[in-house]
Amino acid sequence: MKVSVLGYSGGYPQAGGACSAYLVTEGETRVMLDFGAGVLPRLMALMDPSALCAIVMSHWHFDHASDLLPLSYYLDMNQLTLRLVGPEEPQPLREIIALREEVSLEPLLGTREIGGLRLAAQRVIHPVPAYALKLTNAQGKVLVYTGDAAGGEGLADFCRGADLLICDASFTRAQWHEGLPHFSAAQAGELAREARVKRLMLTHFQPGADVKTLVQEAREAFPDAFPASLDLAIEI
Ligand SMILES: [Zn+2]
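Described below are features of the structure shown in this document. (Residues numbered from 1 in each chain as written. Predicted model: local features only at pLDDT ≥ 70, side-chain atom pairs only at ≥ 80, totals over all residues.)

1. Side note on the sheet that holds strand β7 (residues 112-114)
- On the basis of which strands lie adjacent, the open sheet formed by seven strands has the order β7-β8-β9-β10-β11-β12-β13 and mixed pairing. Edge positions in the sheet fall to β7 and β13 (226-227), since each has one partner strand and no second.
- With two bridges joining them, strand β12 (residues 200-203) and β13 adopt parallel strand pairing. Its bridge partner being in β13, L202 is matched across the sheet by P227.
- Helix-sheet contacts for helix α6 (residues 185-195) involve β11 (164-168) and β12, and the interaxial angle to β11 is about 150 degrees. (Pairing = 2+ DSSP bridges. Helix = DSSP H or I, 4+ residues; strand = E, 2+ residues; numbered from the N terminus. Contact = placed C-beta atoms within 7 Å. Axes fitted to C-alpha atoms, helices over the stretch in contact; angles between N-to-C directions.)

2. Remarks on the sheet that holds strand β14 (residues 233-235)
- Strand order in this open sheet of seven strands is β6-β5-β4-β3-β2-β1-β14, and the pairing throughout is mixed. Edge strands, defined here as strands with exactly one partner in the open sheet, are β6 (103-107) and β14. When the angles between neighbouring strand axes are averaged without regard to direction, this sheet yields 20 degrees.
- Where strand β1 (residues 2-7) lies against β14, three bridges are found, and the strand directions are antiparallel. Residue pairing for β14: V3 is matched across the bridge by I234.

3. Remarks on unusual backbone geometry
- If you check the backbone angles, D34 has positive phi at about 65 degrees while not being a glycine.
- Within the fold, D34 resides in the loop between β3 (29-33) and α1 (39-44).
- Here D34 falls in the buried class, since 27 other C-beta atoms lie within 10 Å of it.
- Notably, Q79 is not glycine yet its phi reads approximately 55 degrees, a positive angle. (Buried ≥ 20, exposed ≤ 12 C-beta atoms within 10 Å, placed from the backbone.)

4. Thoughts on the environment of L82
- Along the chain, L82 falls in strand β5 (residues 82-86).
- Spatially, the C-alpha atoms of L82 and E102 are 6.4 Å apart, while their sequence positions differ by 20 residues.

5. Let's talk about the nonpolar core
- Y22, L165, L200 and L202 are the most contacted members of the largest nonpolar core, which totals 76 residues.
- Residue contributions to this core peak at six residues, all from α6.
- Discounting residues that sit within four places of it in the chain, L200 has contacts with L165, C167, A188, G189, A192, A218, F222, D224 and A225. (Core = buried A, V, L, I, M, F, W, Y, C linked by C-beta atoms within 7 Å.)

6. Remarks on α6
- Here α6 lies mainly inside the structure; eight of its 11 residues are buried.
- Among the residues of α6, A185, A186, Q187, A188, G189, L191, A192 and A195 are the ones counted as buried.
- Buried residues in α6 make contact with α5 (155-159), β11, β12 and α7 (211-219).
- Immediately beyond the C-terminal end of α6, within one or two residues, lies R196, with a positive phi of roughly 55 degrees.

7. What to know about the pairing of β6
- Summarising the sheet, β5 and β6 pair through five bridges and their orientation is parallel. Counterpart to L84 in the pairing with β6 is L105.
- Handedness of the crossover joining β5 and β6 through helix α4 (residues 92-98): right-handed. (Right-handed = clockwise from strand over helix to strand, strands pointing away.)

In structure tokens, the structure reads:
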């Protein structure tokens, strides 16, 4: 399984970048996790978006989902369709996308097969219904992506032993306080340690974020933590 970072910004994309979007490749299977602002042109530089097996959404916040809107026009103008899996709880952007005939929208419930991968989801704490996503291949290699999260009951168990954890790490210790909708980098490191994952990628950096400090603080609990960067590709 290969994971490529097409975007990692939180809130809005940095210049030339994109918000949350991860391309997962397993043999012929290609799946996107989230489809944030700015990802469509970055994906089109790599492949025809309609060749994706599915796009799986962690939640419907605009910075994770807004490029689904022009994607629906692309599909319509080229008479294509695409499978989309996402939380079924009503959200404004979800309701718009659900009306688009080019997209076949499925609820994010239970486990399911997407090509050569098995998808599972786990509710996390965030201001809107949001889920951590897990993809497992036939060899038992596991990717977990927290999406946006400030914790979640059973989240460490859901992440347990993952070969790669992509974790929300939005804030430094100095920035973080109770009630914020995202993990701090230190909390991301602690989750990775508790779940005994093999690798930890920190993500969801706001443009201008102090990534050096975020990485340092995550490494206090998980020494091999590393930051997401554009086009970074990880084999797991
Ligand atoms: Zn969010």
